[in-house]
Amino acid sequence: MFDADTYLRCLGLDAELIRRGSPGLRTLAILHKRHLEALPFSSTGSFAVPTRDGVTVEVVDLDEDVAFGPVVVAGNGGGCVQLNRLFLRLLRDLGFDAGLLAGTTVEGAEAYGVDVEHMLLCVRADGDDWLADVGYAGPSFLEPLRLDEPGEQAQYGCRYRLEADGDGLLLLRRPRLGRWSTVYRLTTKPRELVEWRPFEAAANAVLTAPPDPAGPGLWSRATADGQTVLKGLRHVTVRGGIEKARTLTDEQWPAVRDGILAGPRPRPSTEQDRHAP
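Scope of this entry: the structure provided in the associated data block. Small disclaimer: the values here were computed from a predicted structure and weren't measured.

**What about the packing of aromatic side chains?**
Right, so step 1: If you walk through the whole model with that rule in mind, you get seven aromatic pairs.
Right, so step 2: When the ring of Tyr 136 is compared with that of Tyr 184, the centres are 5.1 Å apart and the planes differ by 80 degrees; the resulting orientation is edge-to-face. Placement of the pair is Tyr 136 in the loop between strand S4 (128–132) and strand S5 (145–146) and Tyr 184 in strand S9 (residues 181–191), with a sequence separation of 48 residues.
Right, so step 3: Taking relative accessible area as the criterion, Tyr 136 reaches 17% and is therefore assigned buried.
Right, so step 4: Relative accessible area serves as the criterion here: at 1%, Tyr 184 is assigned to the buried category.
Right, so step 5: Plain terms: the ring middles of Phe 141 and Tyr 160 are 6.3 Å apart, the flat faces sit at 85 degrees to each other, and that makes the pair edge-to-face. Residue Phe 141 is located in the loop between S4 and S5, and its partner Tyr 160 is located in strand S7 (residues 158–165); the two are separated by 19 residues in the primary sequence. A single burial state applies to Phe 141 and to Tyr 160, both of which are buried.
Right, so step 6: Members of the aromatic cluster, joined through ring pairs, are Phe 2, Tyr 7 and Phe 68.
Right, so step 7: Sitting over the ring of Trp 180, Arg 161 keeps its end group 4.3 Å from the ring centre.

Set out below in structure tokens:
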């Protein structure tokens, strides 16, 4: 059963301090980054959440109370649907004005052919609208990005830009020594869960069974100053904006995956003490 205080403890945060600083931007930034550090993106963990009989991927009718145990309490993490829906519920419980946005990744467009695919969030804090996303494997942003900022936004050695693209925005990212590349496309139109029904149908048509947990997949977790991402045999690390990539062997990748899923022990609350009001 969903419980906000349990959620915050699983993130290694002090519930009283967080509630005292909500709904402010500094608290939002702490929640966002700690969420990415504490709960991994996991292409197999997302399938640990029970679904209705005959349904492989459950998006619209996901039972958040059921998902809370395996995703948050057990620390398995999940995909964008599980992670961002639960994070949205936490933010609203803490008094934030937050809602759903829709995006499209390159991989999702190729696999499913729908516009409303990736699930992310818009959060109002300190008078501005902020883009939040704790359910994308990355590499991507670790703290919220201001949605109406036309210029570059820098964090942890990487630069980000939201560039107009028709009726939407392209999220662009540039590591310290790299070039600009597109993370995904999004629209700022508020969305309702039912709008993901075509994606749910397309995903279930493609994924007739959960993936083999012993096979290559997609896993990631944030670190203090970056991220580590494993996609198939490709392992990408970002530290202070310096991005490195290598191709693993069949013998190497399981240990890297296990390290991402195990993650670090929750850090003490000194960081939130410095930031929270």
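So much for the structure itself; the text now carries on.
**Things to note about the pattern of salt bridges**
Right, so step 1: What the rule picks out here adds up to 21 salt bridges.
Right, so step 2: Taking the shortest distance from any N to any O, the salt bridge between Arg 197 and Asp 61 comes out at 3.1 Å. You can see Arg 197 sitting in helix H7 (residues 197–206) and its partner Asp 61 sitting in the loop between strand S1 (41–42) and helix H4 (64–73), a full 136 residues away along the chain.
Right, so step 3: The salt bridge partner of Glu 64 is Arg 89, with a shortest N-O separation of 3.4 Å. With Glu 64 in helix H4 and Arg 89 in helix H5 (residues 80–93), the pair connects residues that are 25 residues apart, well separated along the chain.
Right, so step 4: Here the residues in one salt-bridge network are Glu 64, Asp 65, Arg 85 and Arg 89, joined through shared partners.

**Regarding the pairing of strand S8 (residues 168–174)**
For a regular strand, side chains alternate in direction, first toward one face of the sheet and then toward the other.
Right, so step 1: Burial analysis of S8 places six of its seven residues in the buried class, the great majority of the element.
Right, so step 2: In this structure, S7 lies alongside S8, joined through seven bridges in antiparallel fashion. By the bridge assignment for S8, Glu 163 is matched with Leu 170.
Right, so step 3: Joining the antiparallel neighbours S7 and S8 is a turn of two residues, in which Gly 166 adopts a positive phi near 60 degrees.

Procedures and definitions
- Residues numbered from 1 in each chain as written.
- Predicted model: local features only at pLDDT ≥ 70, side-chain atom pairs only at ≥ 80, totals over all residues.
- Heavy atoms only, no water.
- Phe/Tyr/Trp six-rings, centres within 6.5 Å; stacked < 30°, edge-to-face > 60°.
- Helix = DSSP H or I, 4+ residues; strand = E, 2+ residues; numbered from the N terminus.
- Buried < 20%, exposed > 50% of the residue type's maximum accessible area, 1.4 Å probe, protein only.
- Lys NZ or Arg CZ within 6 Å of the ring centre and 35° of its normal.
- Salt bridge = Lys/Arg side-chain N within 4 Å of Asp/Glu carboxyl O.
- Pairing = 2+ DSSP bridges.

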